[in-house]
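# Observations on chain architecture
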Amino acid sequence: MSDEHAREAEVLNRRIAYIDHLRGLHRFERLVGLLIILAGVGIVVLSTYTPLPKLVVLCAYAMLAAGWVVFFYVIWKRTAWRKANPFETWKP
């Protein structure tokens with residue numbers, strides 16, 4: 001019985017390590033994408049209260065688009081890693 005518990009504990013530890021690794025993938029890119037989006041939103045919100053040049057507002061919208069592209073890239077890369085490394089064959 002204790003061998004079964006030890007095996008379950010080992011599988012649980014491996015699963016936790018797998019999930020932690022998956023969550024850590026492309027963390028820097030996610031942070032950069034979030035900061036780009038927040039900066040773009042800040043400029044767009046600022047432009048509603050103060051007159052800003054159109055070029056600045058267009059750059060803010062381009063920043064929003066770039067930030068979302070970074071987020072989609074991270075989702076795509078993490079999904080590709082997950083498909084290439086299923087949990088059943090993963091070893092830390």
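Report on the accompanying structure.

Parameters at a glance
- Residues numbered from 1 in each chain as written.
- Predicted model: local features only at pLDDT ≥ 70, side-chain atom pairs only at ≥ 80, totals over all residues.
- Heavy atoms only, no water.
- Helix = DSSP H or I, 4+ residues; strand = E, 2+ residues; numbered from the N terminus.
- Buried < 20%, exposed > 50% of the residue type's maximum accessible area, 1.4 Å probe, protein only.
- Patch = residues over 30% accessible without salt bridge, like charges linked within 9 Å, V, L, I, M, F, W, Y side chains within 5 Å.
- Areas by Shrake-Rupley, 256 points an atom, 1.4 Å probe, with all protein chains shown as cover.
- Salt bridge = Lys/Arg side-chain N within 4 Å of Asp/Glu carboxyl O.
- Expected span 1.5 Å × (residues − 1).
- Contact = heavy atoms within 4.5 Å.

### Structural notes on the environment of C59
Along the chain, the position of C59 falls in helix α3 (residues 54–84). Residue C59 is classed as partly exposed on the basis of its relative accessible area of 41%. The sequence separation of C59 and W81 amounts to 22 residues, and the corresponding C-alpha distance is 33 Å.

### Comments concerning a nonpolar patch on the surface
Taken together, the side chains of L31, L34, L35 and L38 make up a nonpolar region of the molecular surface, amounting to roughly 370 Å² of accessible area. Positionally, L34 belongs in helix α2 (residues 27–49). For L34, a relative accessible area of 38% gives the class partly exposed.

### Topic: α3
In a regular helix each residue adds 1.5 Å, so 31 residues correspond to 45 Å; α3 covers 45 Å between its end C-alpha atoms and thus fits that length. Of all the residues in α3, the buried ones are V57, A60, L64, G67, F71, V74 and W81. Next to the buried residues of α3 lie α1 (2–24) and α2.

Interpretation in functional terms is not warranted from these geometric data alone.
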